[in-house]
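Residue-level structure breakdown
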Amino acid sequence: DTAVSQTPKYLVTQMGNDKSIKCEQNLGHDTMYWYKQDSKKFLKIMFSYNNKELIINETVPNRFSPKSPDKAHLNLHINSLELGDSAVYFCASRTTSGGQETQYFGPGTRLLVL
Amino acid sequence: GQSLEQPSEVTAVEGAIVQINCTYQTSGFYGLSWYQQHDGGAPTFLSYNALDGLEETGRFSSFLSRSDSYGYLLLQELQMKDSASYFCAVTGQAGTALIFGKGTTLSVSS
């Protein structure tokens, strides 16, 4: 069983288009995140949701809008895509079981904007 | 600002021992984590230290010194499959997201 899944795995699109990435976790975790990994492999937090509520919104253009219909799902919608949005986007969920902070990452969505 | 410093690259041979250091400067500190990422893959959890000392999990160990804002990941009996990027990450406050270092690329040769 896949713990954290994302769709699509690859996304190639033109500048100016609007696209969505979906994420689902079957681990029962309350907290989910979106991270962006650039071409230099730098991982940066974009958003964090706890039980469907936004708790972290880093300095991200408002073209990016997360939505959490329930605590198992956290989707990311991107409007008016730009070349600089090309990156790998990872969804993750978090547990603190036994006092240990662990995040489980999805397989990533490789976005290429042409 | 918040920053984590780790070496960009490390090379080693099979069977060797490698230590990847991480120093951090963050506005809060709850714990230090290490993640492994193979090319084309997702980050996967390796270890977590909230208290000073050494945590051992098989061939991998992680150390934390809160007073020195320093930690390291120790990889023993290196194998080719250990070639990957290794990220240290800080949880600044309970429940907040990870702040990642820029990653260390480990290359293991035979």
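Values in this document were obtained by computation on a predicted structure and should not be read as measured data.

Calculation notes
Residues numbered from 1 in each chain as written. Chains lettered and ligands numbered in written order. Predicted model: local features only at pLDDT ≥ 70, side-chain atom pairs only at ≥ 80, totals over all residues. Heavy atoms only, no water. Pairing = 2+ DSSP bridges. Helix = DSSP H or I, 4+ residues; strand = E, 2+ residues; numbered from the N terminus. Axes fitted to C-alpha atoms, helices over the stretch in contact; angles between N-to-C directions. Buried < 20%, exposed > 50% of the residue type's maximum accessible area, 1.4 Å probe, protein only. Contact = heavy atoms within 4.5 Å. Buried area = accessible area lost by both parts, 1.4 Å probe. Salt bridge = Lys/Arg side-chain N within 4 Å of Asp/Glu carboxyl O. Polar contact = N/O pair within 3.5 Å; in protein donor to acceptor, adjacent residues only side chain to side chain.

1. A look at the sheet that holds strand 3 (residues 19-25) of chain A
All names here are of chain A. Pairing is antiparallel across the open sheet formed by four strands, whose spatial order is 1-3-8-7. Edge strands, defined here as strands with exactly one partner in the open sheet, are strand 1 (4-7) and strand 7 (64-70). Each adjacent strand pair in this sheet contributes to an overall mean axis angle of 20°, direction not counted. Here strand 1 pairs with strand 3 via four bridges, running antiparallel. By the bridge assignment, S5 is partnered in strand 3 with E24.

2. Re unusual backbone geometry
Cis geometry marks the peptide bond from A:T7 to A:P8; its omega dihedral reads -5°. Position of A:P8 among the secondary structure elements: in the loop between strand 1 and strand 2 (10-13). A positive phi angle is found at B:S69, which is not glycine, with a value near 50°. Here B:S69 is to be found in the loop between strand 7 (60-65) and strand 8 (70-75). One non-glycine residue, B:E77, lies in positive phi territory at about 50°. With respect to the element layout, B:E77 can be found in the loop between strand 8 and strand 9 (84-91). Taking the relative accessible area as the measure of exposure, B:E77 reaches 54% and is therefore exposed.

3. A word on the interface of chain B and chain A
Taken residue by residue, the interface counts 21 residues in chain B and 20 residues in chain A. Of the roughly 1,700 Å² buried where chain B meets chain A, counting both sides, 58% is carbon and sulfur surface. The interface formed by chain B and chain A includes one salt bridge. For B:D39, the salt bridge goes to A:K41, with nearest N and O atoms at 3.1 Å. At the surface where chain B touches chain A, the tally comes to six residue pairs in polar contact (both at pLDDT 80 or more). Of all the secondary structure elements, the ones that give two or more residues to the side of chain B that touches chain A are strand 4 (31-37), strand 5 (44-49), strand 9 and strand 10 (98-100) of chain B.

4. Some points on the sheet that holds strand 6 (residues 53-57) of chain B
Sheets are built from strands paired through backbone hydrogen bonds, the pairs being either parallel or antiparallel. All names here are of chain B. Judged by pairing direction, the sheet is antiparallel, and its five strands sit side by side in the order 1-3-8-7-6 without closing on themselves. Of all the strands in the sheet, the pair left with one neighbour each is strand 1 (3-5) and strand 6. On average, each strand axis in the sheet is tilted by 15° relative to the strand beside it, whichever way the strands run. Examined bridge by bridge, strand 3 (residues 18-25) and strand 8 share six bridges and lie antiparallel to one another. Following the sheet pairing, V18 is matched in strand 8 by L75.

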